[in-house]
Amino acid sequence: MKSEELKRKLVDDKATYTDEEIKWLFDHIGDSDGSIRDDLICNSFGYGFFKEKFSLEQARFLIAQLENKDLLFYRINEGKEATLTRSFTCLLWDLIIRTNNDRKSRYY
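All figures in this text were calculated on a predicted structure; none of them were measured in a lab. (Residues numbered from 1 in each chain as written. Predicted model: local features only at pLDDT ≥ 70, side-chain atom pairs only at ≥ 80, totals over all residues. Heavy atoms only, no water.)

S.K.: How would you sum up the nonpolar core? Please name residues and give values.
M.R.: Formed by 23 residues in total, the largest nonpolar core has its most connected members in F45, F49, F54 and L92. Taken together, the elements giving at least two residues each to this core come down to α2 (19–27), α3 (34–50), α4 (56–69) and α5 (83–100). Setting aside its immediate chain neighbours within four residues, F45 contacts L25, F26, I29, F54, L62, L92 and L95. (Core = buried A, V, L, I, M, F, W, Y, C linked by side-chain atoms within 4.5 Å. Buried < 20%, exposed > 50% of the residue type's maximum accessible area, 1.4 Å probe, protein only. Helix = DSSP H or I, 4+ residues; strand = E, 2+ residues; numbered from the N terminus. Contact = heavy atoms within 4.5 Å.)

S.K.: Give me the layout of surface pockets: which residues, what numbers.
M.R.: Here the largest pocket is characterised by a volume of approximately 230 Å³. In terms of lining, the largest pocket is formed by 15 residues, of which the most central are I29, G30, D31, Y74 and T85. At the level of elements, α2 and α5 are the ones that each hand at least two residues to the lining of the largest pocket. Looking at the lining of the largest pocket, the element that brings in the most residues is α5, giving 3 residues. Split by residue class, the lining of the largest pocket holds 6 nonpolar, 4 polar and 5 charged. (1 Å grid on protein atoms, 1.4 Å probe; cavity = no way out; pocket = protein on both sides within 12 Å on 5 of 7 lines; lining within 4 Å. Points joined across faces, edges and corners; volume = space filled by probe spheres on them. Nonpolar A, V, L, I, M, F, W, Y, C, P; charged D, E, K, R; others polar.)

S.K.: Which residues make up the environment of I97, and what are the values?
M.R.: Following the sequence through the fold, I97 ends up in helix α5. For I97, a relative accessible area of 54% translates into the label exposed. When the C-alpha positions of I97 and G30 are compared, they lie 20 Å apart, and in sequence the two are 67 residues distant.

S.K.: Lay out unusual backbone geometry with the relevant residues and their values.
M.R.: You will see that E52, though not glycine, has its phi angle at about 55 degrees, which is positive. Examined against the element boundaries, E52 turns out to sit in the loop between α3 and α4. Overall, E52 belongs to the partly exposed group, its relative accessible area being 31%.

S.K.: Could you give an account of a nonpolar patch on the surface, naming the residues involved and the relevant values?
M.R.: Together, L72, F73 and I76 give the surface a local cluster of nonpolar side chains, amounting to about 270 Å² of exposed area. Here F73 is to be found in the loop between α4 and α5. (Patch = residues over 30% accessible without salt bridge, like charges linked within 9 Å, V, L, I, M, F, W, Y side chains within 5 Å. Areas by Shrake-Rupley, 256 points an atom, 1.4 Å probe, with all protein chains shown as cover. Salt bridge = Lys/Arg side-chain N within 4 Å of Asp/Glu carboxyl O.)

S.K.: Let's hear about the state of the cysteines: which residues, and what values?
M.R.: Applying the stated criterion across every chain yields a total of 0 disulfides. C42 forms no disulfide, and the closest cysteine sulfur to it belongs to C90, at a distance of 12 Å. C42 sits in the partly exposed class, given a relative accessible area of 26%. (Disulfide = S-S within 2.5 Å.)

Honestly, that's just the spatial picture; any functional story needs more than this.
Here is the structure:
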């Protein structure tokens, strides 16, 4: 996945995301590289939900993945470094809850 292509989508009002891009973003939710995690993943999810760039199926996919992988508790008992994954999972849940609670949102 080309991060430059995803970065361009952040400034393109007509941009949409492919299922492959959504999966890539999700798979890198706790990436140790701050430029990927903070600048690309976090911003892409925020842009995607607030600007309604994700389809309903893509939003449902993200919710299902969060639930199935139980990322809020990712490696919590292993004593391994996984704080970034858990923290950014909370941020993604927040975006989902906020847009789901907005009557004007397509995700309501």
